Amino acid sequence: MSSRHTDCHFCLQPLRGRKYALRDENAYCVPCYDSLYANLCQECKQPIECNSKDLAYKGRHWHEGCFRCAKCSRSLVEKPFAAKDEVLLCTECYSDEYSSKCFHCQKTIMPGSRKMEFQGSSWHESCFVCQYCRQPLGTKPLITKDNENYCVPCFEKQFAHHCYACKKAITSGGVTYHDQPWHKECFVCAGCKTQLSGQRFISKDEYPYCVDCFSRFYAKKCAACKKPITALGGAKYISFEKRQWHGECFNCAKCSVSLVGQEFLTRQDDILCHECGSA
């Protein structure tokens, strides 16, 4: 002991033959050092004497024997732990209280382990696999059916319909026509190739046509206005001697009165009401 450490810096009592502590190069007897500088234990609220081990975490201090899990009281000395609202917990208790449960196995996802998130649920990485081939899905594209996840190749192999036009799998949506599945983008007019999904169309020889193409290629023409007669929406038309008319076009060629449901006469290519035809 050097001569300048013969007395306690605070109480000035001799230190010869006594334990003492140094702080800022000044020597203190143990009672003085503890009263001046000892930290209070967060658990027991007693000073942590200079001859005791002081464990510190985020500005707080504990005796070695007080540094325990707040729930199960197991020692946390040299053990992994977690903090929640300033309460210290061992990893097991923290997991039981706060960690997510795996959607598949319902077991706790331990802190530090990799967690997968999908549709609002959490999964162990090892549980997040294709239901069919059991390969990890990770961040791969997947399809869910009946709460089970499948990689795209397995889903197509097991469940998907195949498009009547392109023969490729239909993984979502699609259109049914003549009891056959189609991709929406493949269900097009046989004439102009315009997509027909959600549009009005007419079937001819098992092929779908938009109204314009059907009218252009197949619809009969009105003998009066020369426009196609498609009969869409239940529109009425009149047929006579291999000629057809829209209901609204079937009028007397002379006085224009409607002849629908009326007697009429013909003169060459004209149709006439009874009065005009008799004049």
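Please read all numbers here as calculations on a predicted model, not as lab measurements.

Right, let's get into the overall build of the chain. For the chain, the count of helices and strands is five helices and 22 strands. Relative to the 2.2 N^0.38 estimate, which gives 19 Å for 279 residues, the radius of gyration of the chain is 46 Å and therefore markedly larger than a compact globule would have. Within the span of the chain, comprising 279 residues, buried residues form 31% of the whole. Counted over contacts in the chain with a minimum sequence separation of 6, partners at least 24 positions apart contribute 11%. When the 38 positive and 30 negative side-chain charges of the chain are each reduced to one mean point, those points stand 5 Å apart.

Within the span of helix H2 (residues 91-98), buried status applies to Thr91, Cys93 and Ser95. Lining the buried residues of H2 we find strand S5 (81-84) and strand S6 (87-90).

Within the secondary structure, glutamine 119 is located in the loop between strand S7 (115-118) and strand S8 (121-124). A relative accessible area of 62% means that glutamine 119 is categorised as exposed. Sequence separation between glutamine 119 and arginine 60 is 59 residues, and the spatial gap between their C-alpha atoms is 40 Å.

On to the pattern of salt bridges, then. For the coordinates displayed, the defined rule picks out three salt bridges. Salt-bridge contacts for glutamate 92 lead to arginine 74; the nearest nitrogen and oxygen are separated by 3.8 Å. Remark: arginine 74 occurs in the loop between strand S4 (60-63) and S5 and glutamate 92 occurs in helix H2; sequence separation between them is 18 residues. Assessed through its relative accessible area of 38%, glutamate 92 is described here as partly exposed. The exposure class assigned to arginine 74 is partly exposed, which follows from its relative accessible area of 44%. Here arginine 114 makes a salt bridge to glutamate 125, at a shortest N to O gap of 3.0 Å. Of the two residues, arginine 114 is situated in the loop between H2 and S7 and glutamate 125 in the loop between S8 and strand S9 (142-145); the sequence distance between them amounts to eleven residues. For glutamate 125, a relative accessible area of 36% corresponds to the partly exposed category.

As a further point, take the pairing of strand S15 (residues 201-204). Both S15 and strand S16 (residues 207-210) contribute to a ladder of four bridges, which runs antiparallel. Within the sheet, the bridge partner assigned to phenylalanine 201 lies in S16 and is cysteine 210.

Right, let's get into the pairing of S4. Neither face of S4 is open: one carries Arg60 and Trp62, the other His61 and His63, and all of them are buried. Bridge count for strand S3 (residues 54-57) against S4 is four bridges, and the pairing is antiparallel. Residue pairing across strands places alanine 56 opposite histidine 61, the latter belonging to S4. As consecutive antiparallel partners, S3 and S4 are separated by two residues, and within that stretch lysine 58 has a phi angle of approximately 50 degrees, a positive value.

Okay, the domain arrangement of the chain next. Domain boundaries assigned for the chain yield domain 1 (98-159), domain 2 (162-218) and domain 3 (222-278). Placing the centre of domain 1 and that of domain 2 at their C-alpha centroids yields a distance of 36 Å.

Quick notes on the rules
- Residues numbered from 1 in each chain as written.
- Predicted model: local features only at pLDDT ≥ 70, side-chain atom pairs only at ≥ 80, totals over all residues.
- Heavy atoms only, no water.
- Helix = DSSP H or I, 4+ residues; strand = E, 2+ residues; numbered from the N terminus.
- Rg over C-alpha atoms; globule rule 2.2 N^0.38 Å.
- Buried < 20%, exposed > 50% of the residue type's maximum accessible area, 1.4 Å probe, protein only.
- Contact = heavy atoms within 4.5 Å.
- Lys, Arg positive; Asp, Glu negative; His and termini not counted.
- Charge placed at Lys NZ, Arg CZ, Asp CG, Glu CD.
- Salt bridge = Lys/Arg side-chain N within 4 Å of Asp/Glu carboxyl O.
- Pairing = 2+ DSSP bridges.
- Domains from an automatic or database assignment.

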